[in-house]
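Inside the fold
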There are 2 protein chains.
Amino acid sequence: MLDSAVSEFKGIDKLTVVGVGLIGGSFALALKQTGLVKNIVGFGQNEANLKTAVALGVIDSYSLSMESAVKGADLVMLAVPLGAMASSLQAMQPFLEPQTIVTDAGSAKMAVIRAVESVYGKVPANFVPGHPIAGKEKSGVTAADAMLYQKHRVILTPLADTNPAAVELVRQLWLACGALVTEMPSHVHDEVFAATSHLPHILAFGLVDMLNEHKELGDIFQYTAGGFRDFTRIASSDATMWRDIALTNSDAVLKWLENYQQALRHMSELIQKQDGDALYKLFASAKAARDAHIVNKQPIQS
Amino acid sequence: MLDSAVSEFKGIDKLTVVGVGLIGGSFALALKQTGLVKNIVGFGQNEANLKTAVALGVIDSYSLSMESAVKGADLVMLAVPLGAMASSLQAMQPFLEPQTIVTDAGSAKMAVIRAVESVYGKVPANFVPGHPIAGKEKSGVTAADAMLYQKHRVILTPLADTNPAAVELVRQLWLACGALVTEMPSHVHDEVFAATSHLPHILAFGLVDMLNEHKELGDIFQYTAGGFRDFTRIASSDATMWRDIALTNSDAVLKWLENYQQALRHMSELIQKQDGDALYKLFASAKAARDAHIVNKQPIQS
């Protein structure tokens, strides 16, 4: 099914990547390998970065002018930080041709939609909100990797009046990158990823910061083991990106932070009461859920 | 230095492992490979498990009688769950010969010392409290691994009147297993590991349990990525062991749970106030601390 769908897809002539970092660069690299895109143009404000991207073969050329970058583009991939979405959309708006399809890779979809609305009044039919569930601790175009999206999920969150042909184009390109594409409403996306991604990142940053601030036990990190290293791996993620996510998806993030604090209060009470049965039940149920859903049944590599 | 110290060490004739699971079994396996222990006897209540341990070459023989198990032992390794320490010590007490050195592998040292005191009145000079910082998600003797302690820390927490020769014997055996041995007072140990190990485990169990209980978003786990899998890896740990740790090291665990909840309240406030500068500073400081202490400077493999 997927193979034949991909093989019927003819590809596009011009892709513009606005923000050539890990995410946009990996999208470009993966598509170059498929041969589905004739010409990939990068846009950004850091010329040295764009030169590196050309040297690495991530993009074919670059432009520092938004006008020439998006002129004649079949698709624009907006892969800038969440905090830069509104300004990028603003810069693009005067030059964007009506037939050009725009998609993005932001981790918080309601915030991107609000940014689009702030520029366009309403979300254009050719705007397809998207979010690839993939990343690395390393950021920047030098970390770009054609395999980054292989067997990873990409969530598209089209609105009721989004152009189905635009959604289909974006879907085909992500499939060609090896991704598994799922659709859901933006507000559901934001809830799901606040719980499964944004909250864990905040929890990990918070734990490392707390231990680093408590100096009374000396260099406490020297006693950490593999469990701690894995638990805090996401605390080595990009601070700017996660600040933007926390602030832009703040409603859902705050809700799940509150749910989690309630869970911690409950566990504290069980420990205080020395309620071993209830604590065992909670730990065992968590272990069973993780083993069932993550260890034994992970169809998607990530 | 270490090599010559090990080579001067003559080894022992009889080691008794009480509780032949992952921890005790890996200690036995590692020591067999060194040739420093002539005879390793396992004691436990599950004969099938002990037979498996013999079949796997983890122990030389087993006994279901504590009397014959500890008779003539140079060293007894108590590798039972924290919740079974007191009863194991009680069962051993009538038969233990005064020259036999006893050590343990419990993750909460004050609790073990209290268990020893409850049986002996005071901690015998030949009792050396210890804690190897190593583990796996899988437990049981079938997961035992001669390499488990290679380049891992082992913490010994001798008391003021612990026999220095007993400490040295235990130290030499752990060094022979490839471990790096550190000494610190029991109460410092319990604080350090409440913060760096017990708290993260409770946080991971709590997160998975919370997501599993909130059914309104469907099978939310299908959207998790590599970051979530690593963050929650320790939530696949043994529920009984972690219940015991949480309940036995409850003072230190509750203190750090409270510190952490304070950190979460602080981050919630920053998000509510949309204080991007402070949030960035906190995330960046956590990332810098983790990169400096864990990513770039991990002398100990774990």
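Predicted model, so just to flag it, every value in this text is computed and none were measured.

On to the overall build of chain A, then. Scanning chain A from terminus to terminus reveals twelve helices and nine strands. Over its C-alpha trace chain A gives a radius of gyration of 21 Å, about what one expects of a compact globule, namely 19 Å for 302 residues. Going through the 302 residues of chain A one by one, you find that 57% of them count as buried. Within chain A, residue pairs in contact and separated by at least 24 positions form 74% of the contacts whose partners lie at least 6 positions apart. Summed over all atoms, the accessible surface of chain A reaches about 11,900 Å², with 53% contributed by carbon and sulfur. Each charge class in chain A was averaged separately, 25 positive and 30 negative side chains, and the resulting centres sit 4 Å apart.

Once chain A is rotated about the relating axis by 180° and shifted along it by 0.0 Å, it coincides with chain B to within an RMSD of 0.1 Å. When the rotation and shift are considered jointly, the pair of chain copies conforms to a two-fold rotation axis. The rotation axis passes nearest to the C-alpha of F231 of chain A in chain A, at a distance of 2.0 Å.

With that out of the way, let us pick up the sheet that holds strand β4 (residues 75-78) of chain A. All names here are of chain A. The parallel open sheet is built from six strands, whose spatial order is β3-β2-β1-β4-β5-β6. One side of each edge strand has no neighbouring strand; the edge strands of this open sheet are β3 (61-63) and β6 (127-128). The strands touched by helix α2 (residues 22-34) within the sheet are β1 (12-18), β2 (37-43) and β4, with β1 carrying the most contacts at an inclination of about 160°.

Attention shifts here to the nonpolar core. In this structure, Y260 of chain A together with Y260 of chain B are the most contacted members of the largest nonpolar core, which totals 138 residues. Setting aside anything within four residues of it in sequence, one finds Y260 of chain A in contact with L199 and L203 of chain A together with L203, A204, G206, L207, M210, Y260 and L264 of chain B.

Right, let's get into α2 of chain A. Residues and elements named next belong to chain A. The terminal C-alpha atoms of α2, which comprises 13 residues, lie 18 Å apart, in line with the 18 Å expected from a rise of 1.5 Å per residue. Of all the positions in α2, only L22, G24, G25, S26, F27, A28, L29, A30 and L31 are classed as buried. Along its buried surface, α2 packs onto β1, β2, β4 and α7 (164-176). Looking one or two residues past α2, G35 carries a phi angle of roughly 75°, positive in sign.

With that out of the way, let us pick up the sheet that holds strand β1 (residues 12-18) of chain B. All names here are of chain B. One open sheet holds the six strands; their spatial order is β3-β2-β1-β4-β5-β6, and the pairing between them is parallel. The two strands at the open ends of the sheet, each matched to only one other strand, are β3 (61-63) and β6 (127-128). Pairing of strand β4 (residues 75-78) with strand β5 (residues 101-104) involves four bridges; the strand directions are parallel. Within β5, the residue paired with L78 across the bridge is D104. Along the sheet, helix α2 (residues 22-34) contacts β1, β2 (37-43) and β4; its crossing angle with β1, the most-contacted strand, is approximately 160°. Helix α3 (residues 47-55) rests against β2 and β3 of the sheet, and its axis sits at about 165° to β3.

As a further point, take the side chain of T16 of chain B. Among the secondary structure elements, T16 of chain B is positioned in strand β1. With residues near it in sequence (within four places) discarded, T16 of chain B still touches V41, A69, V70, A73, L75, V76 and M77 of chain B.

So, about helix α12 (residues 276-295) of chain B. For α12 of chain B, the set of buried residues is G276, L279, L282, F283, A286, A289, R290, D291, H293 and I294 of chain B. Looking at the buried side of α12 of chain B, the elements it contacts are α8 (186-213), α9 (226-231) and α10 (239-248) of chain A together with α11 (250-272) of chain B.

Let us now look at the domain arrangement of chain A. Residue and element names in this part refer to chain A. As assigned here, chain A comprises domain 1 (2-184) and domain 2 (189-295). On a C-alpha basis, the centres of domain 1 and domain 2 stand 31 Å from each other. Facing the 16 residues of domain 1 at the interface are twelve residues of domain 2. Taken together, both faces of the contact between domain 1 and domain 2 bury some 1,100 Å²; the carbon and sulfur share is 62%. Where domain 1 touches domain 2, the interface holds zero salt bridges.

About the thresholds
Residues numbered from 1 in each chain as written. Chains lettered and ligands numbered in written order. Predicted model: local features only at pLDDT ≥ 70, side-chain atom pairs only at ≥ 80, totals over all residues. Heavy atoms only, no water. Helix = DSSP H or I, 4+ residues; strand = E, 2+ residues; numbered from the N terminus. Rg over C-alpha atoms; globule rule 2.2 N^0.38 Å. Buried < 20%, exposed > 50% of the residue type's maximum accessible area, 1.4 Å probe, protein only. Contact = heavy atoms within 4.5 Å. Areas by Shrake-Rupley, 256 points an atom, 1.4 Å probe, with all protein chains shown as cover. Lys, Arg positive; Asp, Glu negative; His and termini not counted. Charge placed at Lys NZ, Arg CZ, Asp CG, Glu CD. Least-squares fit on C-alpha atoms with pLDDT ≥ 70 in both. Pairing = 2+ DSSP bridges. Axes fitted to C-alpha atoms, helices over the stretch in contact; angles between N-to-C directions. Core = buried A, V, L, I, M, F, W, Y, C linked by side-chain atoms within 4.5 Å. Expected span 1.5 Å × (residues − 1). Domains from an automatic or database assignment. Buried area = accessible area lost by both parts, 1.4 Å probe. Salt bridge = Lys/Arg side-chain N within 4 Å of Asp/Glu carboxyl O.

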